[in-house]
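# Observations on the three-dimensional arrangement
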Amino acid sequence: GSPVVTKYKVENARWEVARKFNVGLDFRLFNMFDVTVDYFYDRRSRILMKREMFPDIMGYYYDVPWSNIGKVDNQGVEFSINWNKKIADDFFIDFRGNFTYTSNKYVYVDEPNYPHVWQTKTGRPLSTTVGYVADGLFSSQEEIDIWADQSSFGSVIMPGDIKYRDMNGDGVINSLDQVPIGHPTSPEINYGFGSTFSYKGFDINFQFHGSAQSSFWIDYDKMSPFFKDSKMSQKTNNQLVKFIANSYWSESNRNRYATWPRLSTTSVANNKELSTWFMRDGSFLRLKLVELGYTVPQKIVSKWGMSNLRLYMSSTNLFVLSKFKDWDVELAGNGLNYPLQRVFNIGVNVSF
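Description of the structure in this document. (Residues numbered from 1 in each chain as written. Predicted model: local features only at pLDDT ≥ 70, side-chain atom pairs only at ≥ 80, totals over all residues. Heavy atoms only, no water.)

### Let's talk about empty space enclosed by the protein
- If you walk through the whole model with that rule in mind, you get one cavity of 30 Å³ or more.
- One number sums up the size of the largest cavity: a volume of about 40 Å³.
- If you trace the largest cavity, you find it lined by Tyr220, Ser224, Pro225, Phe227, Trp260, Arg262, Leu263 and Ser264.
- For the lining of the largest cavity, the per-class residue count stands at five nonpolar, two polar and one charged. (1 Å grid on protein atoms, 1.4 Å probe; cavity = no way out; pocket = protein on both sides within 12 Å on 5 of 7 lines; lining within 4 Å. Points joined across faces, edges and corners; volume = space filled by probe spheres on them. Nonpolar A, V, L, I, M, F, W, Y, C, P; charged D, E, K, R; others polar.)

See below:
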C-alpha cells in the first residue's frame, strides 16, 4: 500500500523570542520602612506549537504540523517591606513582609473561531482548567430521563451521580460543554510576613506564609472508599474519611447536594470527570515558624567558660487557616497522602 505519514518536519524552525521589561524601586519611607517594588513583563513569541486548524479531511489523520506561532504574555509584581526599630536600649522590634503576584495568558494560539467563547484558549491563563459545571446530584431515574444525555462518559447514569450542565444546549453532555473553571492550580498570589521581638535576652520570632487565587480538585478515584481491585478481589483503599461518611448520597438520603455522590465498589466514569463538584479553594495562611529564645547574659556564661549560651523552643507548621477544612489544604486533591508534619523543638546553642 501507499506510505503513511505519521510525522511532519517543522518548516523554517526558529528560536523562540522573548522581549522583557523590568522596573524596580528601592526606597526608604518616612525614615522607617525599607521598601522594594519590582514589576516585570515579558512577551514570548515564535513559541513552537502544534497546529490545530488542520482537520482530518485534509489528510492530517495521524498528526498535524508544528510551527513557531505561539505568543504568551507573562507579568507580575513583587513587593517587600522591612521595618525595624530600637524602642529602648534593651528592646528591639523587626517586621518584614513580602507579596508576589504573577499571571500569564495566551496572546495567540492556532485555533478556529469557536461558536462559544468558553472554547477558546486565547486570552486565558496557560494553566486554565476546563471542566463541567455541576448542577447537583440526580435524585431519581425520572430526573435522569428528562436531563441531557450523559452516556458519553462510558457509564450507566444512576440516581446519586453528578448532573452536569448542558452549556451549548444540544441535549448531549460532552467535551463541547467544558468551560474554564476555578483559578490556576499554581497560586497567582504568594505572600508572607513575620516579626522578631527581643527584650533583655528574650527573643520571639514568627513567620507566616500564605497563598491565594488557586484551586484544586478532590481526586475521586484516590479518595473513594470500598473500591476493589478486579484482579486481586480486595479493597485498594480501606479508608473511609469523615467528610464522606458524614455526607454522601444514598437511597435513604437522596440529598442532591450531598458532599459525595453514590458509593460504589468500582470507579464511576461519570463522577470522576473534572467539574465544579470537586473543585475547592486552595488559598491558605500558615504559621510556618514560631520560636522563643533566651540568651543567658554574657557576664554569667563567661564564668562557665562559654562565649554564648542560648536556650530556645520552636515549632513549625503550628496551624493553618483555610476555607478547606477536611485535610491540610496543601495536600490538594488527595487527603490520604502523607501530611505536613507539625514539629516541636527544644534546643541549646553553645559557643566556647
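The rest of the description comes next.
### Side note on unusual backbone geometry
- A positive phi is found at Phe30, a non-glycine position, where the angle reads about 55 degrees.
- Within the element layout of this structure, Phe30 appears in the loop between strand E1 (17–29) and strand E2 (33–50).
- Phi is positive for Asn31, which is not a glycine, with a value near 55 degrees.
- Inspection of the secondary structure puts Asn31 in the loop between E1 and E2.
- With relative accessibility at 63%, the residue Asn31 sits in the exposed group. (Helix = DSSP H or I, 4+ residues; strand = E, 2+ residues; numbered from the N terminus. Buried < 20%, exposed > 50% of the residue type's maximum accessible area, 1.4 Å probe, protein only.)

### Re the layout of surface pockets
- The space that makes up the largest pocket amounts to roughly 220 Å³.
- Forming the boundary of the largest pocket are 13 residues, of which Tyr114, Trp118, Gln119, Lys121 and Arg124 lie nearest the centre.
- Of the residues contributing to the lining of the largest pocket, the split by class is five nonpolar, three polar and five charged.
- Considered as a void within the structure, the second largest pocket measures approximately 190 Å³ in volume.
- Every residue lining the second largest pocket is counted, 13 residues in all, and those nearest its centre are Thr185, Pro187, Ser214, Gly282 and Val329.
- Every element with two or more residues in the lining of the second largest pocket is listed here: strand E10 (202–212) and strand E11 (215–217).
- Each residue belonging to the lining of the second largest pocket can be placed in one class, and the counts come to five nonpolar, seven polar and one charged.

Functional significance is not addressed by these values, which are geometric in nature.
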